[in-house]
Amino acid sequence: MPMNNPYGFGRIILTIVIAMCLKIAPLPVMFAVYNPDWVLLTLIYWSLAVPERVGIFHAWTFGLLTDVLTGRLLGQYALAYSLVIYICLSLHKRLRQFPFIQQALFIFFCLLMSQLLLFFIKNIQYTAQLKPTFWLSVFIGTLCWPLVYTVLRFVRLAKPVKTD
């Protein structure tokens, strides 16, 4: 994908917006704990696939939008996303060479770090209990990584439709 192709960046923004919609999708209470952090998974993919286009600024911006959409303390998702994307960007050349299982393990630790940081910030606001459901979104997000990777790779490599 050429660097000056605005159509490609539109795809990136569209996939992140769809991920934000999935994050705030109204789910029954019993299924809401299984909803992974789609926005972070999408940002991780794009920062690994095209690190020259998606960086810390994008993570911060979409983190702030996620804060507003979810009604959380302003800046907590922005901080978590920026930290994870910084690590992804610093390791992206190495991560591309890893087998898929090792990439999934890296994704697990990224999601876990984000979740722990969000819990820490929540615990500063008021005393929060660490429930067993805390880990579910991390595990589900890790299990969803192959799906996210496959779908976003297809979106990234798809040829634009020419209209005459």
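Just above, that's the structure.
Source: prediction; values computed, not measured.

Participant: Pulling in residues and values, what's your account of the pattern of salt bridges?
Facilitator: Taken as a whole and assessed by the stated rule, the structure comprises one salt bridge. One salt bridge connects K23 with D37, and the closest N-O pair in it is separated by 3.7 Å. Here the residue K23 occupies a position in helix 1 (residues 6–23), and D37 occupies one in the loop between helix 2 (29–32) and helix 3 (38–49), the gap between them amounting to 14 residues. The residues K23 and D37 share a single accessibility class, namely buried.

Participant: Which residues make up the nonpolar core, and what values go with them?
Facilitator: L43, I44 and W46 are the most contacted members of the largest nonpolar core, which has 39 residues in total. Those elements that provide at least two residues to this core are helix 1, helix 3, helix 4 (56–70), helix 5 (76–95), helix 6 (100–125) and helix 7 (136–157). Per-element tally for this core: the top contributor is helix 3, with 10 residues. Residues in contact with L43, not counting those within four places in the same chain, are I16, V54, A59, F62, Y81 and I85.

Participant: Just give me the short version of helix 7, but keep the residues and values in it.
Facilitator: In an α-helix, one turn spans 3.6 residues, which is why side chains three or four residues apart end up on the same side. Relative to the 32 Å expected for 22 residues at 1.5 Å per residue, helix 7 spans 31 Å between its end C-alpha atoms, a close match to the ideal helical length. Every buried residue of helix 7 is accounted for by S137, V138, G141, T142, C144, W145, V148, L152 and R156.

Participant: Quick rundown of the side chain of N35? Include the residues and the values.
Facilitator: For N35, the location among the structural elements is in the loop between helix 2 and helix 3. A polar contact of 3.2 Å, which involves the side chain of N35, links it to the backbone oxygen of L22. Here N35 is in contact with L22, K23, L27 and S137, once residues within four sequence places are set aside.

Participant: Pulling in residues and values, what's your account of the packing of aromatic side chains?
Facilitator: Counting across every chain of the model gives nine aromatic pairs. With a centroid separation of 5.3 Å and 75 degrees between ring planes, the pair formed by F108 and F109 is classed as edge-to-face. On the basis of an interplanar angle of 90 degrees and a centroid distance of 4.8 Å, the ring pair of F134 and W135 is categorised as edge-to-face. For F134, a relative accessible area of 10% translates into the label buried. Judged by relative accessible area, W135 falls into the partly exposed class, the value being 33%. One aromatic cluster in this structure is built from Y45, W46, F100, W145 and Y149.

Calculation rules
Residues numbered from 1 in each chain as written. Predicted model: local features only at pLDDT ≥ 70, side-chain atom pairs only at ≥ 80, totals over all residues. Heavy atoms only, no water. Salt bridge = Lys/Arg side-chain N within 4 Å of Asp/Glu carboxyl O. Helix = DSSP H or I, 4+ residues; strand = E, 2+ residues; numbered from the N terminus. Buried < 20%, exposed > 50% of the residue type's maximum accessible area, 1.4 Å probe, protein only. Core = buried A, V, L, I, M, F, W, Y, C linked by side-chain atoms within 4.5 Å. Contact = heavy atoms within 4.5 Å. Expected span 1.5 Å × (residues − 1). Polar contact = N/O pair within 3.5 Å; in protein donor to acceptor, adjacent residues only side chain to side chain. Phe/Tyr/Trp six-rings, centres within 6.5 Å; stacked < 30°, edge-to-face > 60°.

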